[in-house]
Amino acid sequence: MIKLFPLLSVLFLIYWGCEEQDTIPTELTLWEIDYSIEDTDSLDLSFTGLTGPIPTEIGNLINLTYLDLRGNDFTGKIPPEIGNLTNLGYLDLYYNDLTGSIPPEIGDLTNLTSLVLGFNQLTDSIPPEIGNLTNLEKLDLRVNQLTGSIPPEI
């Protein structure tokens, strides 16, 4: 019996630890505001003075259909995790200081009807994956340093 007690303690600790790790978060904090991962479907933070990189965690708001971050001072690259937002119909990152290339994961946003990336400092070629966005009605890439052509699929 004495030898069994330490074994039970270890098994309890292992079980307890696993239970904590399997907890799925229901909220996400972005820019000091808590958002429900399940219930947030629209996010309009245009012209709110936000700075720094767009957090990669934004890709966890998988039920977003509308994301407007225009007119801020976002820097750095567009996070590839934005490709997780497959329900997006509207994405506006206009008039920030975003750099680097457009991530190919943008092609996973096949429900987009509007993609606005104009007035940034985006470089490299337009990714061919943009051709997957066959529902696009508006595409704005102006005033960047992009090369290449827009895929004929759109």
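Along each chain, numbering runs from 1 in the same order as the chain's sequence is written. Where totals are concerned, whole chains, interfaces and linings use all residues; where local detail is concerned, this predicted model gives features only for residues with pLDDT of at least 70, and gives and counts side-chain atom pairs only at 80 or more. Side-chain metrics rest on all non-hydrogen atoms present in the structure, leaving aside hydrogens and water.

Q: Tell me about the pairing of strand β10 (residues 121–125), and name the residues and values.
A: Pairing between two strands requires that DSSP report at least two bridges joining them. Counting from the N terminus, the helices are DSSP H or I runs at least four residues long and the strands are E runs at least two residues long. As judged from the 2 bridges shared by strand β8 (residues 97–100) and β10, these two strands associate in the parallel manner. Counterpart to Gly 100 in the pairing with β10 is Leu 122. Here β10 runs beside strand β12 (residues 145–147); their pairing, made up of 3 bridges, is parallel. Paired with Ser 125 across the two strands is Thr 147, which belongs to β12.

Q: Give me the pattern of salt bridges: which residues, what numbers.
A: What counts as a salt bridge is simple: a side-chain nitrogen of Lys or Arg found within 4 Å of a carboxyl oxygen of Asp or Glu. Going through the model one piece at a time under the given rule, you end up with 3 salt bridges. Here Asp 68 ties to Arg 70 by a salt bridge, and the two come within 2.8 Å at their closest N and O atoms. Given a relative accessible area of 0%, Asp 68 falls into the buried group. The residue Arg 142 makes a salt bridge to Asp 140 at a minimum N-O spacing of 3.0 Å. Burial classes: relative accessible area under 20% of the type maximum marks a residue as buried, over 50% as exposed, and values in between as partly exposed (1.4 Å probe, protein chains only). The exposure class assigned to Arg 142 is partly exposed, which follows from its relative accessible area of 47%.

Q: Could you give an account of the sheet that holds β10, with specific residues and numbers?
A: Ordered in space as β4-β6-β8-β10-β12, the 5 strands form an open sheet in which the pairing is parallel. For this open sheet the edge positions go to β4 (51–52) and β12, each flanked by a neighbour on one side alone.

Q: Account for the side chain of Asn 144, naming residues and giving values.
A: Locating Asn 144 in the fold gives a position in the loop between β11 (138–140) and β12. Polar contact is the term for a pair of N or O atoms within 3.5 Å; when the atoms are in protein, one must be able to donate a hydrogen and the other to accept it, and sequence-neighboring residues count only if both atoms are side-chain atoms. Polar side-chain contacts of Asn 144 include one of 3.3 Å to the backbone nitrogen of Asn 120. A polar atom in the side chain of Asn 144 sits 3.3 Å from the backbone oxygen of Arg 142.

Take it as geometry only, folks, not as evidence of what the structure does.
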